[in-house]
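These are the residues of each chain, in order.
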Amino acid sequence: MADVFFPSPPSSRLQHPRRAAAAAATVSLRGRVASLANYGRVESENAARNWISGFLALPAAAYMLSEQEAHAAEMERTFIAIKPDGVQRGLIAEIVSRFERKGFKLVAIKLVVPSKDFAQKHYHDLKERPFFDGLCDFLSSGPVLAMVWEGEGVIKYGRKLIGATDPQKSEPGTIRGDLAVVVGRNIIHGSDGPETAKDEINLWFKPEELVSYTSNAEKWVYGNN
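Residues numbered from 1 in each chain as written. Predicted model: local features only at pLDDT ≥ 70, side-chain atom pairs only at ≥ 80, totals over all residues. Heavy atoms only, no water.

1. Here's the deal with the overall build of the chain
Counting its regular elements, the chain contains 11 helices and 4 strands. Split into buried and exposed, the 225 residues of the chain put 36% on the buried side. The contacts of the chain with a sequence gap of at least 6 include a subset with a gap of at least 24, amounting to 76%. Total accessible area on the chain stands at roughly 13400 Å², and carbon and sulfur atoms take up 54% of it. (Helix = DSSP H or I, 4+ residues; strand = E, 2+ residues; numbered from the N terminus. Buried < 20%, exposed > 50% of the residue type's maximum accessible area, 1.4 Å probe, protein only. Contact = heavy atoms within 4.5 Å. Areas by Shrake-Rupley, 256 points an atom, 1.4 Å probe, with all protein chains shown as cover.)

2. Examining helix H5 (residues 92–102)
Among all positions of H5, only Ile95, Val96, Ser97, Arg98 and Phe99 are buried. In the core, the buried residues of H5 are packed alongside strand E1 (75–82), strand E3 (144–152), helix H8 (154–162), helix H9 (175–179) and strand E4 (188–190). Immediately beyond the C-terminal end of H5, within one or two residues, lies Gly103, with a positive phi of roughly 115 degrees.

3. Quick word on the pattern of salt bridges
This structure, assessed with the given rule, holds 8 salt bridges. Of the charged contacts in the structure, one is a salt bridge between Glu150 and Arg77, with a shortest N-O distance of 2.8 Å. Here Glu150, found in strand E3, pairs with Arg77, found in strand E1; they are 73 residues apart in sequence, far enough to count as distant. For Arg77, a relative accessible area of 23% corresponds to the partly exposed category. The salt bridge partner of Lys116 is Asp137, with a shortest N-O separation of 2.8 Å. A residue pair is termed long-range when its members are at least 10 positions apart, and Lys116 in helix H6 (residues 116–122) and Asp137 in helix H7 (residues 132–139) qualify at 21 residues. Taking the relative accessible area as the measure of exposure, Asp137 reaches 36% and is therefore partly exposed. Linked through salt bridges whose partners overlap, the residues forming this network are Arg77, Lys105, Glu150 and Glu218. (Salt bridge = Lys/Arg side-chain N within 4 Å of Asp/Glu carboxyl O.)

4. Focus on the sheet that holds E4
In spatial order, the strands read E2-E3-E1-E4; together these 4 strands make up an open sheet with antiparallel pairing. On the outer flanks of this sheet lie strand E2 (105–112) and E4, each paired with one strand and no other. The average angle at which neighbouring strand axes cross in this sheet is 20 degrees, direction not considered. Strand contacts of H5: E1, E3 and E4, with the helix running at about 10 degrees to E3, the strand carrying the most contacts. In the packing of H8 onto the sheet, the strands contacted are E1, E3 and E4, and the crossing angle to E1 comes to about 30 degrees. (Pairing = 2+ DSSP bridges. Axes fitted to C-alpha atoms, helices over the stretch in contact; angles between N-to-C directions.)

5. So, the packing of H5 against H8
One can describe the packing of H5 onto H8 by two numbers: an axis separation of 11 Å at closest approach and a directional angle of 135 degrees. As judged from the angle between their axes, H5 and H8 are oblique. The element H5 and its partner H8 pack so that their crossing is right-handed. Within the contact between the two elements, H5 uses Arg98, Phe99 and Lys102 and H8 uses Tyr157, Gly158, Leu161 and Ile162. The residue makeup of the contact of H5 with H8, split by class, is 4 nonpolar, 1 polar and 2 charged. (Parallel < 35°, antiparallel > 145°, perpendicular 65-115°, else oblique. Left-handed = near helix turned anticlockwise from the far one by under 90°. Nonpolar A, V, L, I, M, F, W, Y, C, P; charged D, E, K, R; others polar.)

6. A few points about the packing of aromatic side chains
All told, the structure shown has 6 aromatic pairs when counted by the stated rule. Aromatic side chains Phe99 and Phe104 sit 6.5 Å apart centroid to centroid with 45 degrees between the ring planes, which places their arrangement in the tilted category. Phe104 matches Phe99 in its accessibility class, with the two residues each being buried. The ring of Tyr213 carries the charged tip of Lys105 above its face, separated from the ring centre by 4.8 Å. (Phe/Tyr/Trp six-rings, centres within 6.5 Å; stacked < 30°, edge-to-face > 60°. Lys NZ or Arg CZ within 6 Å of the ring centre and 35° of its normal.)

7. Concerning H8
Those residues of H8 that fall on the buried side of the exposure criterion are Val154, Ile155, Gly158, Leu161 and Ile162. The buried residues of H8 occupy one face: seen down the axis, they fall within an arc of 115 degrees. (Arc of directions from axis to C-beta.)

8. A short note on the confidence of the model for the chain
The predicted coordinates of low-pLDDT regions are not to be read in fine detail. Mean pLDDT over the chain: 79, with 67% of residues reaching 70 or higher. A low-confidence stretch, residues 1–44 stays under pLDDT 50, and its non-local contacts, those more than four residues away or across chains, total 51 contacts. This stretch, residues 55–73, has a pLDDT under 50; its non-local contacts, to residues over four places away or in other chains, come to 23 contacts. (pLDDT = per-residue confidence, 0-100.)

And the structure:
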């Protein structure tokens, strides 16, 4: 039997349950087709095609999860804060627009002046560092724009949008790379992982301040028409 080639699924968004199942089926199918060809027990190409068709039909039940349900399962939220220097420099619209243009969805926002005690809670993981006190003084020195953004991969990619902690090491095109100069005035904060995001969102926002809604743009961002 002639070699049968099944193209690999795209690497992007393989975490989608349907795409993951399809990928697993494709890999398994490759191995079985190869073994059939080598073993020489396929009586005809028609028999092989019938076997392949039947095999592909097996995981169909596992694909019943709708695109919308799978899409919702992949969504995550992150905490983003524009620090007092970013607010005072008038960079709110610039920073918000970068997250919006990427396709992320704003689900909570408020302008607050945190107390020093509150700032210490926010930076609790840095309390042993020599710069801890100054960091808390700065965060509580003026208005902070606190936000929660939602989207696929928003935690990891949000950090990429922000750039390295040191603006001098941030790539051009990132927020810090384009808009900041020194570490002490790097204008923005973003959660660095799922657990941190959860803790920071709970610290800065009450549950009723978080809004759940479907954006009209989502079908154009994620392709769920």
